[in-house]
Amino acid sequence: MRILVVEDDVNLNRQLVEALQEAGYVVDKAFDGEEGHFLGDTEPYDAVILDIGLPEMDGITVLEKWRAAGRIMPVLLLTARDRWSDKVAGIDAGADDYVAKPFHLEEVLARIRALIRRAAGHASSEIVCGPVRLDTKSSKASVDGKAMKLTSHEYRLLSYLMHHMGEVVSRTELVEHLYDQDFDRDSNTIEVFVGRLRKKIGTDMIETVRGLGYRIQAPQEAK
Ligand code: CA
């Protein structure tokens, strides 16, 4: 899962980025509204954390422009505590949720998890696919009740496929959502990670759909 953080406070930006990376996300960052708008307009994100008070272009304008251009990724706004009018303007502009400053990082992480889950149509924090269970809260996975040891790349891949369970996900989509913008993207590495993941969760769980990509689904539901 790939997240964009748009926050001009350098310390806060770093804290958010570090907490998100520790939780297993790939993160891009921007420090002003124009840079943030550009990234959100051109790169695919699973969620965005957007500050309202930004140099160059304020967060509400950034959000309005994205929504007007049909960008529908979940957006969590960071607002000043006593500015209720900002919250109303933000939600009217297309925000999905907000957190008032100062906040606990755990709250931001919980809200981001929920936004990503809901965008993929999952209501609970645990996503189950046959014998495989993904706990989005602890960033852990198990198969047949046994905890799996996954590298961060493998977890991200499994998490993305599980969030889009039953759908065919292309290699390009996986590359875009599993790596940040600076990563040297070689889609062959996706095949390597799929291979490793198959060894851990069972070879029949992830289906290769020729020419299209990959799909995870419970074996009994396979056609
Ligand atoms: Ca700010």
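As recorded by an unreviewed UniProt entry, the protein chain carries the name DNA-binding response regulator and is attributed to Ciceribacter naphthalenivorans.

**Notes on the pattern of salt bridges**
Taken as a whole, this structure holds 12 salt bridges when the rule is applied. We note a salt bridge from Asp 28 to Arg 2, for which the minimum N-O separation is 2.6 Å. With a gap of 26 residues between them, Asp 28 in strand S2 (residues 26-30) and Arg 2 in strand S1 (residues 2-6) connect regions that are remote in the sequence. The same class applies to Asp 28 and to Arg 2, which are both buried. When the shortest N-O distance is used, the salt bridge between Asp 86 and Arg 83 registers 3.6 Å. Several salt bridges converge on common partners, so that one network encompasses Arg 2, Asp 28 and Glu 43.

**Focus: the sheet that holds strand S7 (residues 132-135)**
Note: strands within a sheet are paired through backbone hydrogen bonds, in either parallel or antiparallel orientation. With antiparallel pairing, 4 strands are arranged side by side in an open sheet as S6-S7-S8-S9. Strands with a single pairing partner mark the edges of an open sheet, and in this sheet they are strand S6 (126-129) and strand S9 (146-147). Set on the sheet, helix H6 (residues 152-163) makes contact with S6, S7 and strand S8 (140-143); between it and S7 the angle comes to about 105°.

**Describing the coordination of the calcium ion**
Where a metal carries four tetrahedral donors, each ideal angle is 109.5 degrees; where it carries six octahedral donors, the ideal angles are 90 or 180 degrees. For the calcium ion, the full set of protein donor atoms is Asp 8 (OD), Asp 51 (OD) and Gly 53 (O), at a range of 2.1 to 2.3 Å. Here the donor residues of the calcium ion share one chain and are spaced in sequence as D-x42-D-x1-G. With Asp 8 in the loop between S1 and helix H1 (10-22) and Gly 53 in the loop between strand S3 (47-51) and helix H3 (59-68), the pair connects residues that are 45 residues apart, well separated along the chain. Judged by relative accessible area, which is 31%, Asp 8 ranks as partly exposed.

**A look at the nonpolar core**
Soluble, globular proteins show a tendency: their nonpolar side chains are buried together. Within the largest apolar cluster, 49 residues are counted, with the highest numbers of intra-cluster contacts made by Ile 49, Ile 112, Leu 158, Leu 174, Ile 201, Ile 206 and Ile 216. Ranked by residue count, the leading element in this core is H6, at 6 residues. Each of domain 1 (2-120) and domain 2 (126-221) accounts for three or more of the residues forming this core. Here Ile 206 is in contact with Leu 161, Val 194, Leu 197, Arg 198, Ile 201, Tyr 214, Arg 215 and Ile 216, once residues within four sequence places are set aside. Counting residues in each nonpolar core, the second largest holds 19 residues, with Ala 30, Leu 39, Val 48 and Ile 52 among its members.

**Here's the deal with the sheet that holds strand S5 (residues 97-101)**
Taking strand neighbours across the sheet as the criterion, the 5 strands line up as S2-S1-S3-S4-S5 in an open arrangement whose pairing is parallel. The strands lining the two open edges of the sheet, one partner per strand, are S2 and S5. Strand after strand, the sheet turns through a mean of 20° between neighbouring axes, direction not considered. Here S1 runs beside S2; their pairing, made up of 5 bridges, is parallel. The partner of Ile 3 across the bridge, within S2, is Val 27.

Rules used throughout
- Residues numbered from 1 in each chain as written.
- Predicted model: local features only at pLDDT ≥ 70, side-chain atom pairs only at ≥ 80, totals over all residues.
- Heavy atoms only, no water.
- Salt bridge = Lys/Arg side-chain N within 4 Å of Asp/Glu carboxyl O.
- Helix = DSSP H or I, 4+ residues; strand = E, 2+ residues; numbered from the N terminus.
- Buried < 20%, exposed > 50% of the residue type's maximum accessible area, 1.4 Å probe, protein only.
- Pairing = 2+ DSSP bridges.
- Contact = heavy atoms within 4.5 Å.
- Axes fitted to C-alpha atoms, helices over the stretch in contact; angles between N-to-C directions.
- Donors = N, O, S within 2.8 Å, 3.2 Å for Na, K, Ca; no water.
- Core = buried A, V, L, I, M, F, W, Y, C linked by side-chain atoms within 4.5 Å.
- Domains from an automatic or database assignment.

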